[in-house]
Amino acid sequence: IFNFAAGPATLPESVILKAQAELYNYHGSGMSIMEMSHRGKEFDAVIKKAESDLRLLLGISDDYAVLFLQGGATTQFAAVPLNLCAPGDSADFVVTGSWSDKAFKEAQKFCKANLIWSGKSEKYTKIPAFDDLKQNPDAKFLHICGNETIHGVEFKNYPSPSNKNALLVADMSSNFCSKPVDVSKFGLIYAGAQKNVGPSGVTIAIVRKDLIGNAQPITPVMLDYKIHADSASLYNTPPCFAIYICALVFEDLLEQGGLAGVEKKNQKKAGILYDTIDESNGYYVCPVEKSVRSLMNVPFTLKKSDLEKKFIEEAAKEGMVQLKGHRSVGGVRASIYNAMPFAGVEKLVAFMKDFQARHP
Ligand code: PLP
């Protein structure tokens, strides 16, 4: 089966098999990692290795804390303004799709959130040039979503905010660890794990240390980065199993040679899929502007929209599942995260060409 789900999503087969082999008796302990104390030596080694491997993968310096949190990326929509803004401070939001829109709306409860760019009128098919953004001089941060999972638009570079006092903050849930990123450009990066790096249940935040410790007084302890940084993500019971799988994925990505190589593989996979769409004489249509098309989530429609259901059903019969577009936009969406093998995308494009020939 090739699983094109947007998340929770396919994980590397080698990781699943390793977890399966270790599940009953972790490292000779007679227990599974799910059954152990989060303060025991086995889990301590797991979470430390997860952090150090992630630091290696993304080149994260000691100026940043790496936090393993709960509540999904959705909880970060509140945690970010609560930690980075004093009551009444303002922050700028760029809305490129449904996820950044949710972040913007949640932030309005905890800071003065300014919408400085929205792609809504163009159905979220574009990413703005940073030079064109009118950033507010008093904004504490500029929030973007690195990759919009539903609409398939992705930032291809991340320049610093023009306002020197503002921090760049990114939701990278759906393109985390899919390519190298210069972390030093960011005040904060957060990502739910369940697309590229693990199962659902853990959210990773990479936070510049000097920003930690100024949360608004109303901030619940579970949303305060200082609480989690001071206790090395072990303030309360963490999602142990999810962190363990992330550790295996990070190890696997390092064994593959790191994120530069991973990005090349992702470009190759996305390349053959977009080419197939663009060379179909309008049979398949991807509405996203070419220069900002996502390497991770490829949404497309069929010119004959009444054939979409058949397309999805026939693909599923051939072992390509979860291709239905998000309920808010319809159509087809192929999510091709790191763990989707090239062979899966090759099979999909062969199917697309065959389907077109059979249903002209
Ligand atoms: N941000 C992006 C870009 C997402 O794709 C998602 C979920 O798909 C979220 C945020 C919300 O994540 P969670 O379900 O972990 O709260």
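Residues numbered from 1 in each chain as written. Predicted model: local features only at pLDDT ≥ 70, side-chain atom pairs only at ≥ 80, totals over all residues.

A closer look at the site of the ligand
And step 1. With respect to spatial proximity, the complete set of residues near the ligand consists of Gly7, Gly72, Ala73, Thr74, Trp99, Cys145, Thr149, Asp171, Ser173, Ser174 and Gly192.
And step 2. Per-element accounting of the shell around the ligand gives the leading share, 3 residues, to helix α3 (residues 72-84).
And step 3. Among the residues forming the shell around the ligand, the class breakdown is 3 nonpolar, 7 polar and 1 charged. (Near = placed C-beta within 6 Å. Helix = DSSP H or I, 4+ residues; strand = E, 2+ residues; numbered from the N terminus. Nonpolar A, V, L, I, M, F, W, Y, C, P; charged D, E, K, R; others polar.)

Here's the deal with unusual backbone geometry
And step 1. With an omega of -5°, the peptide bond between glycine 7 and proline 8 qualifies as cis.
And step 2. With respect to the helices, strands and loops of the structure, proline 8 is situated in the loop between β1 (2-3) and α1 (13-23).
And step 3. A positive phi angle is found at alanine 232, which is not glycine, with a value near 50°.
And step 4. Mapped onto the fold, alanine 232 is located in the loop between α5 (225-230) and α6 (240-255).
And step 5. What makes alanine 232 partly exposed here is the crowd of 16 C-beta atoms within 10 Å. (Buried ≥ 20, exposed ≤ 12 C-beta atoms within 10 Å, placed from the backbone.)

Here we look at the environment of phenylalanine 68
And step 1. Topologically, phenylalanine 68 is positioned in strand β2 (residues 64-69).
And step 2. The buried category is assigned to phenylalanine 68, around which 24 C-beta atoms lie within 10 Å.
And step 3. In sequence terms phenylalanine 68 and tyrosine 190 are 122 residues apart; their C-alpha atoms lie 9.9 Å from each other.
And step 4. Leave out the neighbours within four places in its chain, and phenylalanine 68 touches Ile47, Val202, Ile204, Ser233, Pro238 and Ile243. (Contact = placed C-beta atoms within 7 Å.)

Comments concerning the sheet that holds strand β11 (residues 284-285)
For sheets, the rule is that strands pair by backbone hydrogen bonds, running either parallel or antiparallel.
And step 1. Spatial ordering of the open sheet is given by β11-β12-β14, a layout of 3 strands whose pairing is antiparallel. A single partner strand is all that each edge strand has here, and the edge strands are β11 and β14 (332-335).
And step 2. Pairing of strand β12 (residues 297-302) with β14 involves 4 bridges; the strand directions are antiparallel. When the sheet's bridge partners are listed, proline 299 is paired in β14 with arginine 333. (Pairing = 2+ DSSP bridges.)

The analysis is restricted to geometry; functional conclusions fall outside its scope.
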